[in-house]
Amino acid sequence: MKKTTILITLLLLIAISVCIICDLAISGRFTWSIITTSSIILVWLVLLPIVMLGKKGISTSLGMLSIFIIPYLYILSILIKENEIFTIGVVMSIIAIIYLWCIFWIFKLLQRRKIKAAGITLLLSIPFCLIVNVTLFKMISEPIIDIWDILSMVIIIIFASVLFIYDYINNKGN
């Protein structure tokens, strides 16, 4: 096992211990520390493959996130006693996980053109933002689009365009 893996595991265990000690000292029982403990465990499960395997662990980490995010949200909704955390969280996390897997595959397919992959990833965030907005509109009547969404999309298009131009200039001869 790598020293980094041991170090990160120890740091996360220290964080859990500090939270538990503070929670017990303040309330005399487990209250909020259960939330931080479950969150830290999720982070550890997701980060461990990357820490242990480097770039080769990214797909495993994405797999771990894909598997454990829904149980985590379920536990969180029980602890906080808010069912919306689970119902809304599951739908949003599925959308986000699909987007993360798309990013992974874009960079995997364009390994030698990372700038172009970044531009595509930025542009892909626009339809995913709209999917999130439409979903939230259906679930909780949030507006589908507002001025901040439009501003964000314009900025994303500008940054993506800069990346595509930069990639084009640097890869003319290829």
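Structure first, text after, so check above.
Summarised in this report is the structure supplied together with it. What you are looking at is a predicted structure, and each value in this text was computed from that prediction instead of being measured.

Rules behind the numbers
Numbering of residues starts from 1 in every chain and runs along the sequence as written. With pLDDT at 70 or above as the cut-off, local features in this predicted model cover only qualifying residues; side-chain atom pairs require 80 or more to be listed or tallied, and sums for whole chains, interfaces and linings still use all residues. Excluded from the side-chain calculations are hydrogens and water; all other atoms, namely the structure's heavy atoms, are used. Put simply, DSSP marks the helices as runs of H or I at least four residues long and the strands as runs of E at least two long, and each gets a number from the N terminus on. The globule rule used here is 2.2 Å times the number of residues to the 0.38 power, and the radius of gyration it is set against is calculated over C-alpha atoms. Relative accessible area decides the class of each residue, using a 1.4 Å probe on protein chains only: under 20% of the type maximum gives buried, over 50% gives exposed, and in between gives partly exposed. Residue exposure ignores everything except the shown protein chains as possible cover, and the areas themselves are Shrake-Rupley values with a 1.4 Å probe. Residues scored as positive are Lys and Arg, those scored as negative are Asp and Glu, and His as well as the terminal groups of each chain are ignored. All charge positions are set by atom: Lys at NZ, Arg at CZ, Asp at CG, Glu at CD. By convention a nonpolar core is built from buried Ala, Val, Leu, Ile, Met, Phe, Trp, Tyr and Cys residues, the set being connected through side-chain atoms within 4.5 Å. Contacts: residue pairs with any heavy atoms within 4.5 Å of one another. In summary, the pairing rule links any two rings of Phe, Tyr or Trp, Trp by its six-membered ring, whose centres are within 6.5 Å, and it sorts them by plane angle into stacked for under 30 degrees, edge-to-face for over 60 and tilted for everything else. Expected helix span is computed as 1.5 Å times (number of residues minus one). Axes here refer to lines fitted to C-alpha atoms; in helices the fit is confined to the stretch in contact. Angles between the N-to-C directions go from 0 to 180 degrees. Convention used here: angles under 35 degrees read as roughly parallel, angles over 145 as roughly antiparallel, angles from 65 to 115 as roughly perpendicular, and any remaining angle as oblique. Helix crossings are classified by the rotation of the near helix relative to the far one: an anticlockwise turn of less than a right angle makes the crossing left-handed, while a clockwise turn makes it right-handed. The bend reported for a residue corresponds to the angle between axes fitted to the seven residues ending at that residue and the seven starting there.

Looking only at helices and strands, one finds 6 helices and 0 strands in the chain. Taking 2.2 N^0.38 as the reference for a compact globule, 174 residues should give roughly 16 Å; the C-alpha atoms of the chain span a radius of gyration of 20 Å, well beyond that estimate. The buried share of the chain, reckoned over its 174 residues, is 29%. Put simply, the chain shows about 11400 Å² of open surface, and 76% of that area lies on carbon and sulfur atoms. Taken together, the 13 basic and 7 acidic charged side chains of the chain have centroids lying 23 Å from each other.

A separate point is the nonpolar core. Residues Leu 42, Val 46, Leu 65, Ile 69, Tyr 72, Leu 73, Leu 76, Val 90 and Ile 97 constitute the largest nonpolar core, which totals 9 residues. Secondary structure elements with two or more residues in this core: α2 (33-53), α3 (58-80) and α4 (83-109). Here the element with the most residues in this core is α3; it accounts for 5 residues. Among all residues touching Val 46, those that are not within four sequence positions of it are Ser 61, Met 64 and Leu 65. Membership of the second largest hydrophobic core comes to 7 residues, among which are Met 92, Ile 103, Phe 128 and Leu 136.

The tally for this structure, following the rule as stated, stands at 4 aromatic pairs. On the numbers, 5.4 Å between centres and 75° between planes, the contact of Tyr 74 with Phe 86 is edge-to-face. Residue Tyr 74 is found in helix α3, and its partner Phe 86 is found in helix α4; the two are separated by 12 residues along the sequence. Classification of Tyr 74 by relative accessible area gives partly exposed; the value is 46%.

Attention now goes to helix α1 (residues 3-27). In a regular helix each residue adds 1.5 Å, so 25 residues correspond to 36 Å; α1 covers 36 Å between its end C-alpha atoms and thus fits that length. Packing partners of the buried residues in α1 comprise α2. In the segment just after α1, Gly 28 is the residue with positive phi, at about 75°.

Running from amino to carboxyl end, helix α5 (residues 114-140) crosses helix α6 (residues 147-170) at an angle of 160°, the nearest separation of the two axes being 7 Å. One way to sum up the angle between α5 and α6 is to call them roughly antiparallel. The two elements α5 and α6 cross, and the hand of that crossing is left-handed. Residue-level inspection shows Ile 115, Lys 116, Ala 118, Gly 119, Ile 120, Leu 122, Leu 123, Ser 125, Ile 126, Cys 129, Leu 130 and Asn 133 of α5 in contact with α6, the latter providing Asp 149, Met 153, Ile 156, Ile 157, Phe 159, Ala 160, Leu 163, Phe 164, Tyr 166 and Asp 167.

Moving on, we come to α2. Taking 1.5 Å of rise per residue, 21 residues should cover 30 Å, and α2 covers 30 Å from first to last C-alpha, within 8% of that figure. Of all the bends in α2, the greatest reaches close to 40° and is centred on Leu 47; the proline Pro 49 follows between one and four positions later. Here α2 has its buried residues at Ser 33, Thr 37, Ser 38, Ile 40, Leu 42, Val 46, Leu 48, Pro 49 and Val 51. Buried residues belonging to α2 abut α1 and α3. Two residues or fewer past α2, Gly 54 is found with a positive phi of approximately 70°.

By the element assignment, Ile 16 lies in helix α1. Ile 16 gets classed as buried once you look at its relative accessible area, which sits at 13%. A sequence separation of 57 residues divides Ile 16 from Leu 73, and the C-alpha atoms of the two residues are 19 Å apart. The residues touching Ile 16, leaving out its near neighbours within four places in the chain, are Thr 37, Ile 40 and Ile 41.

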